[in-house]
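# Results of the structural survey
Each chain is listed here by its residues.
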Amino acid sequence: MTVMTDSAATAADNRRPRRRKPLATRAYKVFRVAALILVVLFLLAPLFWMLLASLKTNVDIYDTGKAFLFSPTIENYANVLQRNNYFVFVINSFWVAFVSTALSIVLGVPAAYAMSRFTMHRSALVVLMARVIPGVSLLVPWYYVFSNLRMVGKFEVLILSHMFVALPLIVYIMMSYFDSLPLELEESAEVDGLTPIGAFRLITLPLSVSGIATAGILSFIFSWNNFMFALVLSGAKTKTLPVAIFDFVSYASIDWGGLMAAATVVTIPIMIIALFTQKYIVSGLTAGATKG
Amino acid sequence: MSVLNPPRSARTRRPGGPAGAGGSFSAWANRHRKWLFAAPAMIFVGVLIVFPLAWTVYLSLTDSQGSVRAATDFIGLQNYITVLSDTERFWPAVGRTLAFTGVALAFEVVLGMGVALLLWRPFRGEKWVRVAILLPLVATPVAVGMMWRLIFDPNIGFVNQLLGMVGIPPQPWLSGQDTALGTTIFMDVWQWTPMVVLILLAGLTSLSDEPDEAARVDGANAFQRFFFITLPLMMPTVIVAILLRGIDALKTFDILYATKGKGGGSFHEVETLNVYAYGLSFDYNQYGLSSAVLILFFMIIIGSMWLLTMRRKAVSK
């Protein structure tokens, strides 16, 4: 439909090349505003509904007449955070996501650098294979090994499995970042007497801070959101938030208010991070995507 | 700018000889930096992939079940025969996986292209739309699943309330045997269309304006310009988007397991290959059988990726 209103504008253009006919342009503008409002509503309304429900008592949730008019309560949050100990799960999630991201950066950034500089495409493919393999096929052997080592439920195992998500992501993003960095800077530093590793450390790394931030933020988000690995490999003490929420529904009847509070608790931190780091996330998600 | 002025330490430090000279460790490290840098990551991923994959292949040839520690017998291709002749769980799961991926991708690419075109040229309030696009993308899939469970609840859900206002009777949505898969596809579209929008928008912004302008001067209308100029130029980006999103759509697990639980619901109505394999492994401990399913699943993924990459090479020529 966009295209149709726009075509009217073009027809007008042809008759009077210098000036667009205002009416047609206005029609397209109105259409565009309306369409964008619809898109925003579609994307935000469900999240808003979740937030509303988390502030209602279960009685109010069942009362369809009180969809928007109700007296808000923070009882659900108090319940979830205190009685169900969600603070522990929040800290677990932070810890696992933070450590697995940090370790993946340490391993992944030099690797991406070497793969980009020496065009090691086949080596890169090995790392990127991890994106393609279904996680379940790795979980069974991991579970076997780690349960024999009596390590299931320990943070180390959880972090290791989340690194498996983070590392390929970081290598992928950083490779396309290094590809776009001019080689001449390092070469001139080497002419000035720096060793190649010195040039990487003193020239390339400082220039890559924004790329590393991009990769790090995205890997943190993916680790925070990861469900399947933690479902199998976490224990009562190392449970992460997504697993904790999932456990919430195993009760006979769903405590909807509590469930929505729990769901809000897991999404709010990651959304706040996303809001402050918008441009990094977008550049990371689209890294390498537009190269023909 | 920092690009033009390297850090002071870089300019003032002058190591003894030219790069790579001498027999010290640092000289050795510099000469072999290619593998020194790449090897740790590759070994890490290799050990965590190659060994488990080999194990999965081995398990798929055994009757492993019950406990991962239990003794197993080698039974050859029996698991594959069992799986491939299973028309009750396996083949329907294959069908659902392909249907889920195909339908979700179709909606995501078409809607994504539409929204990307809306966002293409600058406008007021752009910031807000970008925020709205980012939030579903970063939301935790399990929480998203729970959120939709409430919204699609047959009795108290917002969707049925809304339909009630226009006189449409309540629908079972997630709990219905025929509607569950479609409802989960809807959730996937909500969460991941933004991803397609971002990729396509990046592609649109990097397009040169000239072909479009030339066509405009030649009198092509917006329809013609989109279908004959913009879309063909965007094809490589569209295929990248399909590739990236397709891999993840095939492997969708979180939303399905969070909303329907074990076995993809009591009638397996949303049981895709990933959910089926997970259930066989960790809900029913049928490791041998699930490994066979996983190997077949993996082959489907590699096959569809290969087809798409071929297609991409063809369009970028």
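Residues numbered from 1 in each chain as written. Chains lettered and ligands numbered in written order. Predicted model: local features only at pLDDT ≥ 70, side-chain atom pairs only at ≥ 80, totals over all residues. Heavy atoms only, no water.

## Considerations on the overall build of chain B
Defined as follows: Only DSSP runs of H or I with at least four residues qualify as helices, and only runs of E with at least two residues qualify as strands; both kinds are numbered from the N terminus onward. Relative accessibility thresholds used throughout: buried, under 20% of the residue-type maximum; exposed, over 50%; partly exposed, between the two (1.4 Å probe, protein chains only). Residues count as neighbours in contact if any of their non-hydrogen atoms are within 4.5 Å of one another. Using a 1.4 Å probe, accessible areas were evaluated by the Shrake-Rupley method; residue-level cover was limited to the displayed protein chains. Counting rule applied: Lys, Arg positive; Asp, Glu negative; His and chain ends not counted. Where a charge lies is defined by one atom per residue type, namely NZ (Lys), CZ (Arg), CG (Asp) and CD (Glu).
On a plain count of helices and strands, chain B comes out with 14 helices and zero strands. In sequence order, the secondary structure elements of chain B are arranged as α-α-α-α-α-α-α-α-α-α-α-α-α-α. Per-residue burial over chain B gives 52% buried out of 317 residues. For chain B, the proportion of contacts with a sequence separation of at least 24, taken over those separated by at least 6, is 66%. As presented, chain B carries roughly 14,800 Å² of accessible surface, and 66% of it is formed by carbon and sulfur atoms. Of the charged side chains in chain B, 25 are positive and 19 negative; the average position of the first set lies 17 Å away from that of the second.

## Some details on the interface of chain B and chain A
Convention followed: Once two parts are put together, the accessible area they lose, assessed with a 1.4 Å probe and summed over both, is termed the buried area. Counted as salt bridges are all cases of a side-chain nitrogen of Lys or Arg within 4 Å of a carboxyl oxygen of Asp or Glu. Polar contacts here mean pairs of N or O atoms no more than 3.5 Å apart (in protein, one a potential hydrogen donor and the other a potential acceptor; neighbouring residues in sequence count only if both atoms are side-chain atoms). The nonpolar class holds Ala, Val, Leu, Ile, Met, Phe, Trp, Tyr, Cys and Pro. Asp, Glu, Lys and Arg form the charged class, and all remaining residues, Gly among them, are polar.
Between chain B and chain A, the residue contacts involve 105 residues of the former and 106 residues of the latter. In total, chain B and chain A occlude about 9,700 Å² of area from one another, counting both sides; carbon and sulfur atoms represent 77% of this. Linking chain B with chain A are one salt bridge. As a salt-bridge pair, Asp248(B) and Arg131(A) come within 3.5 Å of each other at their nearest N and O atoms. Taken together, the connections running from chain B to chain A amount to 14 residue pairs in polar contact (both at pLDDT 80 or more). In terms of residue count, the dominant contributor to the side of chain B that touches chain A is helix H3 (residues 33–60) of chain B (19 residues). Among the residues forming the side of chain B that touches chain A, the class breakdown is 76 nonpolar, 14 polar and 15 charged.

## A few points about the pattern of salt bridges
Residue and element names in this part refer to chain B. Enumeration over the complete set of coordinates arrives at 10 salt bridges over all chains. Of the charged contacts, one joins aspartate 188 and arginine 245 as a salt bridge, the two residues approaching to 2.9 Å between their closest N and O atoms. Here aspartate 188, found in helix H9 (residues 180–205), pairs with arginine 245, found in helix H11 (residues 222–250); they are 57 residues apart in sequence, far enough to count as distant. Two residues, glutamate 269 and lysine 260, come together in a salt bridge whose shortest N-O distance is 2.8 Å. Each member of the pair, glutamate 269 as well as lysine 260, is classed as buried. Connected through salt bridges with shared partners, the residues Glu108, Asp188 and Arg245 form a single ionic network.

## Focus: the packing of helix H14 (residues 256–276) of chain A against helix H7 (residues 141–151) of chain B
Any two packed helices are characterised by the angle at which their axes cross and by the distance between the axes. Let me state the cut-off plainly: Helix axes are fitted only over the stretch in contact, all axes being lines through C-alpha atoms; the angle between N-to-C directions runs from 0 to 180 degrees. Two helices that cross are described as forming a left-handed crossing if the nearer one is turned anticlockwise from the farther one by less than a right angle, and a right-handed crossing if clockwise.
Two elements in contact, H14(A) and H7(B), have axes separated by 9 Å at closest approach and are oriented at 145°. Once H14(A) is placed against H7(B), the crossing between them reads as left-handed. In contact with Trp256(A), Leu259(A), Met260(A), Ala263(A), Val266(A) and Thr267(A) of H14(A), H7(B) contributes Ala143(B), Met146(B), Met147(B), Arg149(B) and Leu150(B). Considering only residue class, the contact of H14(A) with H7(B) consists of nine nonpolar, one polar and one charged.

## Overview of the nonpolar core
We apply this condition: Residues grouped as a nonpolar core are buried Ala, Val, Leu, Ile, Met, Phe, Trp, Tyr and Cys residues, joined through side-chain atoms within 4.5 Å.
In this structure, Tyr86(A) and Met115(A) are the most contacted members of the largest nonpolar core, which totals 194 residues. Top element by residues in this core is H9(B). It accounts for 15 residues. If we ignore the near neighbours within four places in the chain, the residues touching Tyr86(A) are Val80(A), Leu81(A), Leu241(A), Ala244(A), Ile245(A), Phe248(A) and Ala262(A).

## Looking at a nonpolar patch on the surface
Rules: The patch calculation keeps residues exceeding 30% relative accessible area without a salt bridge and links them within 9 Å when they carry like charges or within 5 Å when they are nonpolar (Val, Leu, Ile, Met, Phe, Trp, Tyr).
A contiguous nonpolar surface patch, about 450 Å² in accessible area, is contributed by Phe48(A), Leu51(A), Phe68(A) and Leu69(A). Within the fold, Phe48(A) resides in helix H2 (residues 22–54).

## A word on the confidence of the model for chain B
Low pLDDT marks regions whose predicted coordinates should not be analysed in detail. Residue and element names in this part refer to chain B. Stated precisely, the cut-off is as follows: The predictor attaches a confidence to each residue, and that confidence, scored 0 to 100, is pLDDT.
Taken residue by residue, chain B gives an average pLDDT of 87. The fraction at 70 or more is 92%. In the predicted structure, residues 1–21 sits below a pLDDT of 50 and forms 22 contacts with residues beyond four places in sequence or in another chain. The ipTM, which scores confidence in the relative placement of chains, is 0.87 for this predicted complex, and the corresponding pTM is 0.88.

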